[in-house]
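Each chain, written out:
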Amino acid sequence: MIEFAGLQQQYNEIADQIEQAVNGVFKGGWFILGRELENFENEFSRYIGTKFGIGVNSGSDALLLAVQALGIGEGDEVITVSHTFISTVDSIVRNGARPVFLDIDPETFCIDAAQIEKKITKKTRAIIPVHLYGNPADMMTIMEIAENYNLYVIEDASQAHGAKYKGKRVGGIGDIGCFSFYPAKNLGAYGDGGMIVTDNLELAEKMRKLRNYGQPEKNRHDFVGVNSRLDEIQAAVLRIKLKHLDNWNAKRRQIAAQYDSLLSELPVVGPVETEFAEDVYHLYVIKCQQRDALQQKLLRHDIHTQIHYPVPVHKQKAYLDLGFDVKLPVTEQICGEILSLPIHPWLAEADVQTVADAMKSAL
Ligand SMILES: *Cc1c(COP(=O)(O)O)cnc(C)c1O
């Protein structure tokens, strides 16, 4: 069997370190907003290249609090994509603002930056690019437009821990970067977790309060906040895993390169890494005309694949009532063609060969 993710193998590699770190938290008897979180916030933000890191409960909360901290709400518009995980867009709607959907670049699967300008109105406040599948969006174009029109940029880097754009790690390029530590992400907790990064002190302080009941100190509440903190156990786990991230990402890149060469003769289109980008291959997504048949045939070989995502956000039931009658031709076309092949740092060369062979016989 070839599994989609390798979380058990990951644990086997680092079990001793993890157990020691988690036991340390148990013995210390301090579970929320302590030294592990503070250290991890410093280590992760340094890794990304930003001044501040704010640990939260999830990637969804990171996005939600980022939009809120920028004061974006009723009457405002935020430009983003429909081809993403739902939370990207939820963060806009839950703050009372309106998402303006843009199509994606068919090669990178990220926002089609060339179309941003024509969607800007007097109400536009921000752009949320998503570095989907671990592949950086076109940040140079996005940052130029944001500067010209005085817009904020929130990067959804939930699938791109460690990916680089022009040598700079994504999440650290816009005003705010948001990360998820959902277990299967390139950097994942043993439960839920997330992080917001920024260079802006004022925003950092605001988000630090927001995640903790709007509270700068005990019994003082400056505004209505939430309870969304990354707990000490998860922070201790993530500190260990962060040390392995670059190695694990390098393994993913090796596997992607192996797929690239093995699949080059088949009637499928592989992912494209642009000139400025260093992709960390959270997912290895191909396009194939007979996607559903291929997925079934691979499953018969016990090869597990997934689809990210079969239904774009603007077609989801939750969004139908909001009246999005937009046409997003690339988004709507590729959701019937994309297939995420198994990729994780513990996938052996022979496994990749097995997947490629099975695809060859299926197509
Ligand atoms: C995983 C993910 C999120 C949400 O993160 P959670 O930690 O699951 O809340 C948001 N955006 C993208 C692109 C993601 O992949």
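Definitions and cut-offs
Residues numbered from 1 in each chain as written. Predicted model: local features only at pLDDT ≥ 70, side-chain atom pairs only at ≥ 80, totals over all residues. Heavy atoms only, no water. Pairing = 2+ DSSP bridges. Helix = DSSP H or I, 4+ residues; strand = E, 2+ residues; numbered from the N terminus. Buried < 20%, exposed > 50% of the residue type's maximum accessible area, 1.4 Å probe, protein only. Contact = heavy atoms within 4.5 Å. Right-handed = clockwise from strand over helix to strand, strands pointing away. Arc of directions from axis to C-beta. Near = heavy atom within 4 Å. Polar contact = N/O pair within 3.5 Å; in protein donor to acceptor, adjacent residues only side chain to side chain. Areas by Shrake-Rupley, 256 points an atom, 1.4 Å probe, with all protein chains shown as cover. Core = buried A, V, L, I, M, F, W, Y, C linked by side-chain atoms within 4.5 Å. Axes fitted to C-alpha atoms, helices over the stretch in contact; angles between N-to-C directions.

### Considerations on the sheet that holds strand 10 (residues 277-278)
Phase 1: Spatially, 3 strands are ordered 7-6-10 in an open sheet, and the strand pairing comes out antiparallel. Here the strands that pair on one side only, and so sit at the sheet edges, are strand 7 (168-169) and strand 10.
Phase 2: Bridge count between strand 6 (residues 164-165) and strand 7: 2 bridges; the pairing is antiparallel. Looking at strand 7, one finds that tyrosine 165 is bridged to lysine 168.

### Section: the side chain of histidine 131
Phase 1: Of note, histidine 131 is situated in the loop between strand 4 (124-127) and helix 5 (139-149).
Phase 2: A residue is classified by how much of its surface remains accessible, and histidine 131, at 0% relative accessible area, is buried.
Phase 3: Sequence-distant contacts of histidine 131, defined by excluding residues within four places in its chain, comprise Cys110, Pro136, Ala137, Met139, Glu155, Asp156, Ala157, Gln159, Ala160, Val170 and Gly171.

### What about the pairing of strand 4?
Phase 1: For strand 2 (residues 77-81) and strand 4, the ladder comprises 3 bridges, and the chain directions are parallel. Following the sheet pairing, valine 78 is matched in strand 4 by alanine 126.
Phase 2: As defined by bridge partners, strand 4 adjoins strand 5 (residues 152-156) across 2 bridges and the pair is classed as parallel. Bridging from a neighbouring strand, alanine 126 pairs with tyrosine 152 of strand 5.
Phase 3: Following the backbone out of strand 4, through helix 5 and into the adjacent parallel strand 5, one traces a crossover that is right-handed.

### Details of unusual backbone geometry
Phase 1: Across the junction of histidine 308 and tyrosine 309, the peptide omega takes the value 10°, indicating a cis bond.
Phase 2: Locating tyrosine 309 in the fold gives a position in the loop between helix 8 (291-300) and helix 9 (317-320).
Phase 3: Positive phi outside glycine occurs at phenylalanine 109, with the angle close to 65°.
Phase 4: For phenylalanine 109, the position within the fold is in the loop between strand 3 (98-102) and strand 4.
Phase 5: Residue asparagine 150 is not a glycine yet carries a positive backbone phi of 60°.
Phase 6: With respect to the secondary-structure elements, asparagine 150 resides in the loop between helix 5 and strand 5.
Phase 7: Residue asparagine 150 is classed as exposed on the basis of its relative accessible area, which comes to 71%.

### Quick word on helix 5
Three- or four-residue spacings in an α-helix give side chains the same orientation, since the helix completes a turn every 3.6 residues.
Phase 1: If you check which residues of helix 5 are buried, you get Met139, Ile142, Ile145 and Ala146. Buried residues of helix 5, viewed axially, fall in a sector of 130°; they line one side. Residues of helix 5 that are exposed and angled more than 90 degrees away from the buried face: Glu147 and Asn148.
Phase 2: Among the residues trailing helix 5, asparagine 150 stands out with phi positive, at a value near 60°.

### Let's talk about the environment of leucine 132
Phase 1: Looking at where leucine 132 falls in the secondary structure, it is placed in the loop between strand 4 and helix 5.
Phase 2: Spatially, the C-alpha atoms of leucine 132 and phenylalanine 276 are 15 Å apart, while their sequence positions differ by 144 residues.
Phase 3: Residues contacting leucine 132, with those up to four places away along its chain left out, are His83, Thr84, Phe109, Cys110, Gln159 and Tyr309.

### Some words on the site of the ligand
Phase 1: Within the structure, the ligand sits among 15 residues, and Gly59, Ser60, Asp156, Ser180 and Lys185 are positioned closest to it.
Phase 2: Glycine 59 has a polar backbone atom sitting 2.8 Å from an oxygen atom of the ligand.
Phase 3: A distance of 2.8 Å separates an oxygen atom of the ligand from a polar atom in the side chain of glutamine 159.
Phase 4: Protein contacts shield 92% of the accessible area of the ligand, which totals 380 Å² for the unbound molecule.

### Quick look at the nonpolar core
Phase 1: Formed by 76 residues in total, the largest nonpolar core has its most connected members in Phe40, Phe44, Ile116, Phe181, Leu263, Ile286 and Met359.
Phase 2: Take this core: its biggest share by element is 8 residues, from helix 7 (residues 232-263).
Phase 3: If we ignore the near neighbours within four places in the chain, the residues touching phenylalanine 181 are Phe40, Phe44, His161, Leu187, Gly188, Ala189, Gly191, Gly193, Gly194, Met195, Leu230 and Leu238.

### Notes on the sheet that holds strand 5
Phase 1: The sheet built from 7 strands is open, its strands ordered 1-9-8-5-4-2-3 with mixed pairing. Each edge of the open sheet is held by one strand with a lone partner, namely strand 1 (52-56) and strand 3. With direction set aside, neighbouring strand axes in the sheet form an average angle of 25°.
Phase 2: Packing of helix 5 onto the sheet brings it into contact with strand 4 and strand 5, and relative to strand 5 it is tilted by some 155°.

### Regarding the environment of leucine 37
Phase 1: Position of leucine 37 relative to the elements: it lies in helix 2 (residues 35-48).
Phase 2: Here leucine 37 falls in the buried class, since its relative accessible area comes to 1%.
Phase 3: As a C-alpha pair, leucine 37 and arginine 229 span 192 residues in sequence and 9.1 Å in three-dimensional space.
Phase 4: Residues in contact with leucine 37, not counting those within four places in the same chain, are Gly55, Arg211, Leu230, Glu232 and Ala235.

Interpretation note: all reported values are geometric properties and have no functional meaning in isolation.
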